[in-house]
Amino acid sequence: MKKLGFFNKNIPLLYFVFSLGWIMLSEIYINSLDYETRLYEMLQMGKGLFYIIVTTILIYIILKKHEAYKRAEEKEHELLSLINSMPDFVCFKDGEGRWMRVNQFGKDLYHLNSVDYEGKTDAELAELSPFFKDAFLYCVQSDQEAWEGGQLSRCEESFYIPSGELKTFDVIKVPLFYDTGKKRGLVTIGRDVTQLKIAEEMLLRKEKLSVLGELAAGIAHEIRNPLTSIKGFIQLMKETDTSSTSRYDLILSELARINQIVGELLVLSKPQSVSHKRFEVKELVEYVVNLTSHEAVLHNVDFQVGNYVDNLGVKGDINQMIQVFINVFKNSIDAMPNGGIITLKVKQKDDYIVFTIKDTGVGIPKERLEKIGEPFFTLKEKGMGLGLTVSNKIVHEHKGTLTIDSEIGKGTTVTIKIPVNKE
């Protein structure tokens, strides 16, 4: 192969040497003959003819090779255009693990547009791009496993990008070998399955909610049956025994409270017929603050309400929204055992009313923050992990969003967005 490559690269030089040699040697030989012989005349005429024939053949071969080269170049260009337009990561490495070529998606992903990556290993690129150091070093390990396996391998690789998003890729690695068994190259193809993973998690969460809803509906039904009977007998006893009216009122009040708690379980079940009416944001905020202020004082927590918005309405079930805000406020109070401040800000942004509730509590670890809102996941020792699950469902039914941001030692911020009612 090397000899053939040397020959192809030096065709002009070889042709020049051959032509010069042919002219000189043929002239020497012909001049050594007798001018009057028939052979002299034939060689004198045939010399030029032979040179023309050889030259014509060489030119034909060169043109054919040039056409083949152009076709190969066009096919390579088409292939590169196809690879660069793919929404997948495609990378070619040599037998030593050095990057030879990567498509545009890969350059954008690893921010290699201004980096001279060709001929460098993953370990060297890890030093040039510190942000992706862990990702590159993991590639060294997974590449080695692919080489040792000697066949197509498949795995998932996840890493963070500068925007803070966690990307997950379904990666296929194909090791290539020479006939002698020596490493020839490695082809890596990675498909971004981040959105698919998110969809799978959402589907799993919906399945949990569906099962939980059926369970909650069954429990609520079983509790309400005896509760109705108890309430009926208490009311009957109250009518016949007027000496302890206040006690009976207290019992009935607590029974009503139990009935309300049982009703909250039904929020997790199938959609119910709730009455969505317009209500004022001011009414909602004042009610929740007044309701939770007593508990806040007991825990040495202060409320600060800022950026207040008057004359703004929301269409929905005010009782359900009260439940959401009470849940959030109670979580904030529980997160500040030594006291602190809860700041509530309300403002209009585009077609949404944005409620921002910020506390100065202990904060939530990042790994736990991702699971907040899942059924039965809680940070409290005596909690059931249903509060934020119910709140998420209520906000979603009001066509809004609920997001949580937190930092250890600095506190947690809950942002609730609800569409403005323009009627």
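What counts and what doesn't
Residues numbered from 1 in each chain as written. Predicted model: local features only at pLDDT ≥ 70, side-chain atom pairs only at ≥ 80, totals over all residues. Heavy atoms only, no water. Salt bridge = Lys/Arg side-chain N within 4 Å of Asp/Glu carboxyl O. Helix = DSSP H or I, 4+ residues; strand = E, 2+ residues; numbered from the N terminus. Buried < 20%, exposed > 50% of the residue type's maximum accessible area, 1.4 Å probe, protein only. Pairing = 2+ DSSP bridges. Axes fitted to C-alpha atoms, helices over the stretch in contact; angles between N-to-C directions. Contact = heavy atoms within 4.5 Å. Core = buried A, V, L, I, M, F, W, Y, C linked by side-chain atoms within 4.5 Å. Expected span 1.5 Å × (residues − 1). Polar contact = N/O pair within 3.5 Å; in protein donor to acceptor, adjacent residues only side chain to side chain. Patch = residues over 30% accessible without salt bridge, like charges linked within 9 Å, V, L, I, M, F, W, Y side chains within 5 Å. Areas by Shrake-Rupley, 256 points an atom, 1.4 Å probe, with all protein chains shown as cover. Lys, Arg positive; Asp, Glu negative; His and termini not counted. Charge placed at Lys NZ, Arg CZ, Asp CG, Glu CD. Bend = angle between axes of the 7 residues up to and from the residue.

Trainee: What am I meant to see in the pattern of salt bridges here?
Mentor: Where charged atoms of side chains with opposite charge meet at close range, the side chains can pair. Counted according to the given criterion, the structure contains 15 salt bridges. The salt bridge involving K173 is made with D143; its shortest N-O contact spans 2.4 Å. Here the residue K173 occupies a position in strand β4 (residues 166-177), and D143 occupies one in helix α6 (residues 133-149), the gap between them amounting to 30 residues. A relative accessible area of 6% means that D143 is categorised as buried. Several salt bridges share partner residues, and in doing so they unite K93, D122, D143, E157 and K173 into one network.

Trainee: Whenever I open this one, the sheet that holds strand β9 (residues 340-349) confuses me. Can you help?
Mentor: Sheet strands associate in pairs through backbone hydrogen bonding, adopting either a parallel or an antiparallel arrangement. Judged by pairing direction, the sheet is mixed, and its five strands sit side by side in the order β7-β9-β10-β12-β11 without closing on themselves. Of all strands in the sheet, those bounded by a partner on one side alone are β7 (301-306) and β11 (401-407). For this sheet the average axis-to-axis angle between neighbouring strands, irrespective of direction, equals 15°. In the sheet, β9 pairs with strand β10 (residues 352-359) via eight bridges, with the strands oriented antiparallel. In the strand pairing of β10, I342 is matched with D359. Together, β7, β9 and β10 form the strand contacts of helix α9 (residues 281-298), whose direction differs from that of β7 by roughly 165°.

Trainee: I'm lost on the nonpolar core in this one. Help?
Mentor: Nonpolar side chains tend to gather and get buried jointly when the protein is soluble and globular. Core analysis: the biggest nonpolar cluster contains 35 residues, and V281, L284, F325, I353, F355, I357 and I416 have the highest contact counts within it. Contributing elements (two or more residues each) for this core: α9, α10 (318-334), β9, β10, α12 (387-397), β11 and β12 (411-419). At eight residues, α10 tops the list of elements feeding residues into this core. Once residues lying within four places of it in the same chain are set aside, the contact partners of I353 are V281, L312, G313, V314, V346, K347, I416, K417, I418 and V420. Ranked by size, the runner-up nonpolar core spans 18 residues in total, among them F89, L109, L112 and Y117.

Trainee: Explain α10 here, please?
Mentor: Within an α-helix, residues lying three or four positions from one another point in the same direction, as the helix has 3.6 residues per turn. Helix length check: α10, at 17 residues, gives a terminal C-alpha distance of 24 Å against a target of 24 Å (1.5 Å per residue), a fit within 8%. Here α10 lies mainly inside the structure; 12 of its 17 residues are buried. Every buried residue of α10 is listed here: Q320, M321, I322, Q323, V324, F325, I326, N327, V328, F329, S332 and I333. The distance from a side-chain oxygen at the start of α10 to the backbone nitrogen of N319 is 2.9 Å, and the residue carrying that oxygen is D317.

Trainee: What am I meant to see in a nonpolar patch on the surface here?
Mentor: Together, L13, F16, V17, L20, M24, L25 and I28 line one region of the surface with nonpolar side chains, adding up to about 730 Å² of accessible area. Considering the arrangement of structural elements, one finds I28 in helix α2 (residues 11-31). A residue is classified by how much of its surface remains accessible, and I28, at 55% relative accessible area, is exposed.

Trainee: I'm lost on the sheet that holds strand β1 (residues 89-94) in this one. Help?
Mentor: Strand order in the open sheet formed by five strands is β2-β1-β5-β4-β3, and the pairing between neighbours is antiparallel. With partners counted over all chains shown, the strands left at the sheet margins are β2 (99-102) and β3 (153-160), one partner each. Geometrically, the sheet is characterised by an average inter-axis angle of 25° between neighbouring strands, direction not taken into account. Pairing between β3 and β4: eight bridges, direction antiparallel. When the bridges of β4 are listed, S158 appears paired with T168. Seen against the sheet, α6 touches β1, β2, β3, β4 and β5 (183-192) and runs at an angle of roughly 40° to β4.

Trainee: Looking at this structure, how should I read a positive patch on the surface?
Mentor: On the surface, a cluster of positive charge is made up of K345, K347, K349 and K417. Take the positive patch: its biggest share by element is three residues, from β9. Among the structural elements, K347 can be located in strand β9. Of the residues examined, K347 reaches a relative accessible area of 44% and is grouped as partly exposed.

Trainee: Sorry if this is basic, but what is going on with α9 here?
Mentor: For α9, built from 18 residues, the straight-helix expectation of 26 Å at 1.5 Å per residue is met to within 8% by its first-to-last C-alpha distance of 26 Å. The largest bend along α9 measures about 40° and falls at T292. By the burial criterion, the buried members of α9 are V281, L284, V285, V288, V289, T292 and A296. Where α9 is buried, its residues contact β6 (277-280), β7, β8 (313-316), α10, β9 and β10.

Trainee: Can you help me understand the pairing of β1 in this one?
Mentor: For β1, a buried count of five out of six residues is recorded, marking the element as mostly surrounded by other parts of the structure. In this sheet, β5 lies alongside β1 in antiparallel orientation, the contact comprising six bridges. Paired with C91 across the strands is T188, a residue of β5. Note that β1 and β2 share three bridges and pair antiparallel. Paired with K93 across the strands is W99, a residue of β2. Two successive antiparallel strands, β1 and β2, enclose a turn made up of four residues, where G97 displays a positive phi of approximately 80°.

Distances and angles like these do not, on their own, reveal function.
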